Amino acid sequence: MAQDEVAREAAAQDEAAQDTGAASHLAAERAHLAESRAALRRMREHARSLSADMAADRVSRDFLESLLDQRVAALADHPDTPLFFGRMDSGDAGDLPATMYVGRRHVHDGEEGRPLVLDWRAPVSRAFYQAGPADPMGWRRRRRFGFRGGELTAFEDEPLDGRAIGPSALLTEEIERPRTGPMRDIVATIQPEQDEIVRADLPQNVCVQGAPGTGKTAVGLHRAAYLLFTHRERLSRSGVLIVGPNRAFLAYISAVLPALGEVRVEQATVDDLLGVPTADEPAGAAAIKGDARMAEVLRKALWRHVRKPEDGLAITRGANRYRLADHEVREIAASLLGTTRYGNGRAAFAQRLAHEILVRMEQRGEAPDDRVQDAVARSKPVKQLLDRVWPRLGAEQVLFRLLSDADFLRTTAKGVLSEREQESLLWSKPYRSHRSAAWTTADRALLDELHGLIDRTPSVGHLVVDEAQDLSPMQLRAVGRRCATGSVTVLGDLAQGTSVCSARSWHDVLRHLGKDGEVTELTLGFRVPASVLAYAARLLPSIAPGLEEPRSLRPGSEALTVRRVPDLSEAAVAAARRALAGEGSIGLIVPDDDVPVYARALADAGLGHQLLGPDVGGEHRLLVVPAALAKGLEYDHVIVIEPAGIAGAASRGLARLYVALTRAVTTLTVLHHTDMPAELTN
């Protein structure tokens, strides 16, 4: 037999042996998956069998039932979701287990207590994300698994001994996998720099400046899941809150935490927290109201309602009469001003007055107790004095007076706001009373500030706020009050700031939240193709000149198409039809005012679609997306209509256009009829 034939036969035998070995390994991994699913099912059945009847009282029983229901929900097995996605092998070195499977939740064999899958948040699982040739952390090999639906289809081994290997094909495939419906978790693809942010300890405030496609939203959600796992008892009492820009965004991210086994996390928009606006106003007035200086104006406005006492206090108890002189009442009131919240100060004023009356009683040989003091504090003379000096107030009453009374505003804002700014704040047509007033978005933040000055705002243990760059300083103060005793994860991109009060510095954002912390910048993208990022980055010198240009691991040489067309509606329909012929979600991003035009064009062409609204999430594969609502969302295929129209529709229109151009995961098609913005043609 010729030498080359011998070599070919040997190579064929080696390949066959490798295939046989791979098939054997794959069969073993599938068997472990089946065993793990069966064990998870037994864990769920055991949780269902537990009863809350052992509780001592009804309240305890209801609480225990709630916990058991949450436990059952957290143990749900999603057939289309891999139960584990990675494996680490140590070779029985040191104290590490020989083999460790890493997944979305912990699964153990109920009979032996043997761990079959370790939760990705467990300390030992950190090695799956952080181990490498420079520091294998005691492990010899990392294995990644490929799944189709819930079926294990492939695996890929990565030695940790420094041998050179190419990029992970399975990791790339998972990142690039087409998406439809809500956002998925990225627990199988978390990168080392993302993992460092996710595992930051609870007291640490984290601020992430993330370019498009860097996974900042997913990082924030996974950090919430990690903290709930690591500090379960503490956060179960104080709670975790996710704050997003609108309901459509919250609907998009809603499936991430439940998929990770966390079902007790509140999600809210800023309007949910502060109240839905019932009126609009000019951008100039909104910018002034959103300015942090308004906090000082509101503080002065509230405390100016406390009047200087002019009278003393006289209390009759039986046959005796007790008096406090007017100067004594003034001293008590002055000692409380500015030392407490307004509502607490009013209550403390009544108690201090009552206490001084009790001192007079004791001086006459009486022995009053706390019940007598409370009775005096509630007596008619004290209430009448209280209403004259320290009146009961609501936030709406104070803001109504501030925005409708020019003299009061002038006195309160003197030295803080200019005369022109004061004029911009006054209502042109005042309402009859605070009960009939219509409040704007900016007003809602001012009302919340006043509520916080009057009474304490409840605080959660941890708060995640996404797209934080678009919140005004006054809105940030309102959000910060909701985590005053907790910590915060701040997410956003200064380049995507589209509101009139958009932040220019993350340190300013943290200051307005009342927090300190370091800012971490993520510039390496995994989702948006490099060609798309480079095209959108032409806008950065105009909208965020201080930011580093984002990079992407995905070249996407054929991802970008820019075309001038004679008929935008016709071209949009044709582009949507081509995208529908392939896989993945499609976002048709259009100027806000043109949404009905393109919705009608799609309908006339027989293309099923859905309109994305502030309170409407997108479940259809083809969505018509107003440019103002595109932030935070992503689609496999994006069609952007008339960039000049998007850029010209708002004061921060170029930033809004930057958002629209960076929503694409696979392809971006830009269609225009008029000239493109000059920034994109340079």
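Residues numbered from 1 in each chain as written. Predicted model: local features only at pLDDT ≥ 70, side-chain atom pairs only at ≥ 80, totals over all residues. Heavy atoms only, no water.

Below, the discussion takes up the packing of aromatic side chains. With the rule as written, the count across this model stands at 13 aromatic pairs. Aromatic pair Phe 84 and Phe 145: ring centres 5.3 Å apart, planes at 70°, arrangement edge-to-face. Taken together, the positions of Phe 84 in strand S1 (residues 84-89) and Phe 145 in strand S5 (residues 141-148) put the pair 61 residues apart, joining distant regions of the chain. Look at Phe 84 and you get buried, because its relative accessible area is 0%. Accessibility expressed as a relative area gives 8% for Phe 145, which makes it buried. Seen in terms of ring centroids, Tyr 342 and Trp 390 are 5.9 Å apart; in terms of plane orientation they differ by 50°. Their pairing is tilted. Remark: Trp 390 occurs in the loop between helix H16 (380-389) and helix H17 (395-404) and Tyr 342 occurs in helix H14 (residues 342-363); sequence separation between them is 48 residues. With relative accessibility at 1%, the residue Tyr 342 sits in the buried group. According to the relative accessible area criterion, Trp 390 is buried, its value standing at 0%. Ring pairing ties together the aromatic residues Phe 84, Tyr 101, Phe 145 and Phe 147, which thus form one cluster. (Phe/Tyr/Trp six-rings, centres within 6.5 Å; stacked < 30°, edge-to-face > 60°. Helix = DSSP H or I, 4+ residues; strand = E, 2+ residues; numbered from the N terminus. Buried < 20%, exposed > 50% of the residue type's maximum accessible area, 1.4 Å probe, protein only.)

This paragraph deals with the sheet that holds strand S2 (residues 99-103). Spatially, S3-S4-S2-S1-S5-S6 is the arrangement adopted by the six strands of the open sheet, whose pairing is mixed. Whereas interior strands pair on both sides, the edge strands pair on one side only; in this sheet they are strand S3 (107-108) and strand S6 (151-159). (Pairing = 2+ DSSP bridges.)

Bringing the pattern of salt bridges into the picture now. Taken as a whole, this structure holds 37 salt bridges when the rule is applied. The residue Arg 481 makes a salt bridge to Asp 448 at a minimum N-O spacing of 2.8 Å. With Arg 481 in helix H21 (residues 473-481) and Asp 448 in helix H20 (residues 441-454), this residue pair connects regions lying 33 residues apart in the sequence. Classification of Arg 481 as buried rests on a relative accessible area of 15%. The class for Asp 448 is buried, based on a relative accessible area of 7%. What emerges from the salt-bridge pattern is a single network uniting Glu 29, Arg 87, Asp 89, Arg 141, Arg 143 and Asp 157. (Salt bridge = Lys/Arg side-chain N within 4 Å of Asp/Glu carboxyl O.)

A few words now on empty space enclosed by the protein. This structure, assessed with the given rule, holds two cavities of 30 Å³ or more. As a volume, the largest cavity reaches approximately 70 Å³. Taken together, Arg 37, Ala 76, Asp 77, His 78, Thr 81, Pro 82, Leu 83, Arg 104 and Arg 105 make up the lining of the largest cavity. Its residues assigned to classes, the lining of the largest cavity shows three nonpolar, two polar and four charged. Quantified by volume, the second largest cavity comes out at close to 50 Å³. Forming the walls of the second largest cavity are Gln 209, Ala 211, Asp 493, Ala 495, Glu 521, Leu 522, Thr 523, Leu 540, Leu 547, Glu 548, Pro 550 and Tyr 658. Class assignment of the residues belonging to the lining of the second largest cavity gives a composition of seven nonpolar, two polar and three charged. (1 Å grid on protein atoms, 1.4 Å probe; cavity = no way out; pocket = protein on both sides within 12 Å on 5 of 7 lines; lining within 4 Å. Points joined across faces, edges and corners; volume = space filled by probe spheres on them. Nonpolar A, V, L, I, M, F, W, Y, C, P; charged D, E, K, R; others polar.)

On to the packing of H14 against helix H15 (residues 370-377), then. The contact between H14 and H15 brings their axes to 8 Å, and the two run at 125°. In this view, H14 runs oblique relative to H15, as classed from their interaxial angle. Here H14 and H15 pass one another in a crossing that is right-handed. Each of Ala 350, Gln 351, Ala 354, His 355, Ile 357, Leu 358 and Met 361 in H14 lies in contact with H15, whose residues at this interface are Val 372, Gln 373, Asp 374, Val 376 and Ala 377. Considered class by class, the residues forming the contact of H14 with H15 number eight nonpolar, three polar and one charged. (Axes fitted to C-alpha atoms, helices over the stretch in contact; angles between N-to-C directions. Parallel < 35°, antiparallel > 145°, perpendicular 65-115°, else oblique. Left-handed = near helix turned anticlockwise from the far one by under 90°. Contact = heavy atoms within 4.5 Å.)

In this section: the sheet that holds strand S22 (residues 664-672). Sheet architecture is open: six strands sit in the order S17-S22-S21-S18-S20-S19, paired in parallel fashion. Looking at which strands have only one partner, the edges of the open sheet turn out to be strand S17 (560-564) and strand S19 (610-611). In the sheet, S17 pairs with S22 via five bridges, with the strands oriented parallel. Its bridge partner lying in S22, Arg 564 is registered against His 672. Against the sheet, helix H25 (residues 568-580) touches S17, strand S18 (586-590), strand S20 (622-626), strand S21 (635-641) and S22, its axis set at about 170° to S21.

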